[in-house]
Amino acid sequence: MTPDHRRQIELVPIEGPARRPSEQIPHPRARYFEVPVGTDNLSSTIPHVDNVTYLRWIDRIAEMAGDALGHSRKALAEQDRMWFVARHEIDYLAETFAGDVVRAATWIHDARKTGCRRDTLLWRETEYGLDLIARARTTWAWIDLTRRRPCRMPRDVIDRLDALHSESFEASGEGRP
């Protein structure tokens, strides 16, 4: 079965799970999600989750985490702003199969004047412990939709991101990067 990459991803926000790789999650206020893996998530060639599906999960996790911060894509578009991906880095550490329940944690690693880097960790529980599945870092640019260029984030946006690390910058409102 070929995955339909246009369909909505089933993703459930959860409280911090009791079993999690805490040493891999440095942010004290990470957001957590659960992804039930169905046959529609599998590659048509090998019966495991394909790379594009992991990328879609990571993007959807970021979208839902942003929604929780008041940064829904609809609200941002109404403000003539949007988050654009500048870079994805994904380390694939283990395979995932139909019937698995994947857990995810995400947090903002650092924030800068015109963007941030979001970390995401995917894992599953097994009878032997926890298996890390993937580790990702996504660099996001804060974009002025009219100019189609990165722009300075207002201080309240930086504050809501609750970054693990923040660079100091002038909070003088929007301006050129």
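Residue positions within a chain follow its written sequence, with the count starting from 1. Only residues with pLDDT of at least 70 are given local features in this predicted model, and only at 80 or more are side-chain atom pairs given and counted; all residues enter the totals for whole chains, interfaces and linings. With hydrogens and water excluded, all non-hydrogen atoms of the structure serve as input to the side-chain values.

Some details on the overall build of the protein
Then, in step 1: Scanning the protein from terminus to terminus reveals 3 helices and 8 strands.
Then, in step 2: Beginning at the N terminus, the succession of helices and strands in the protein can be written as β-β-α-α-β-β-β-β-β-α-β.
Then, in step 3: The burial tally for the protein puts 44% of its 177 residues in the buried class.
Then, in step 4: Only heavy atoms matter for contacts: two residues are in contact if any of them lie within 4.5 Å across the pair. A separation threshold of at least 6 residues defines the contact pool for the protein, and within that pool the share at least 24 residues apart is 67%.
Then, in step 5: Working note: accessible area of the protein is about 9,500 Å², and carbon and sulfur atoms make up 48% of it. Think of it this way: any DSSP run of H or I at least four residues long counts as a helix, any run of E at least two long counts as a strand, and we number them from the N terminus. Only protein chains enter the calculation, and the probe is 1.4 Å; a residue is then buried if its accessible area is under 20% of its type maximum, exposed if over 50%, and partly exposed in between. Exposure was quantified through the Shrake-Rupley algorithm and a 1.4 Å probe, taking into account, for residues, occlusion by the shown protein chains and nothing else.

With respect to unusual backbone geometry
Then, in step 1: The phi dihedral of D80 falls on the positive side, at around 65 degrees, and the residue is not glycine.
Then, in step 2: One can find D80 in the loop between helix 2 (73-78) and strand 3 (81-92).
Then, in step 3: Here D80 falls in the partly exposed class, since its relative accessible area comes to 26%.
Then, in step 4: In this structure, R148 is a non-glycine residue whose phi angle is positive, near 55 degrees.
Then, in step 5: For R148, a relative accessible area of 56% corresponds to the exposed category.

Brief notes about the pairing of strand 4 (residues 101-112)
Then, in step 1: Taking burial as the measure, the 12 residues of strand 4 include 10 buried ones, the bulk of the element.
Then, in step 2: What makes two strands pair is DSSP finding at least two bridges between them. When strand 2 (residues 31-36) meets strand 4, the two strands line up antiparallel, connected through 6 bridges. Counted as the bridge partner of F33 is A104 from strand 4.
Then, in step 3: Between strand 4 and strand 5 (residues 115-126), which pair antiparallel in sequence order, lie 2 residues.

Some words on the environment of R103
Then, in step 1: Along the chain, R103 turns up in strand 4.
Then, in step 2: Sequence-distant contacts of R103, that is, excluding residues within four places in its chain, are made with I14, P17, F33, E34, L121, L122, W123 and E125.
Then, in step 3: Polar contact criterion, stated in full: a pair of N or O atoms within 3.5 Å, where within protein one must be able to donate a hydrogen and the other to accept it, and residues adjacent in sequence count only if both atoms are side-chain atoms. Only 2.8 Å separates the side chain of R103 from the side chain of E34, close enough to count as a polar contact.

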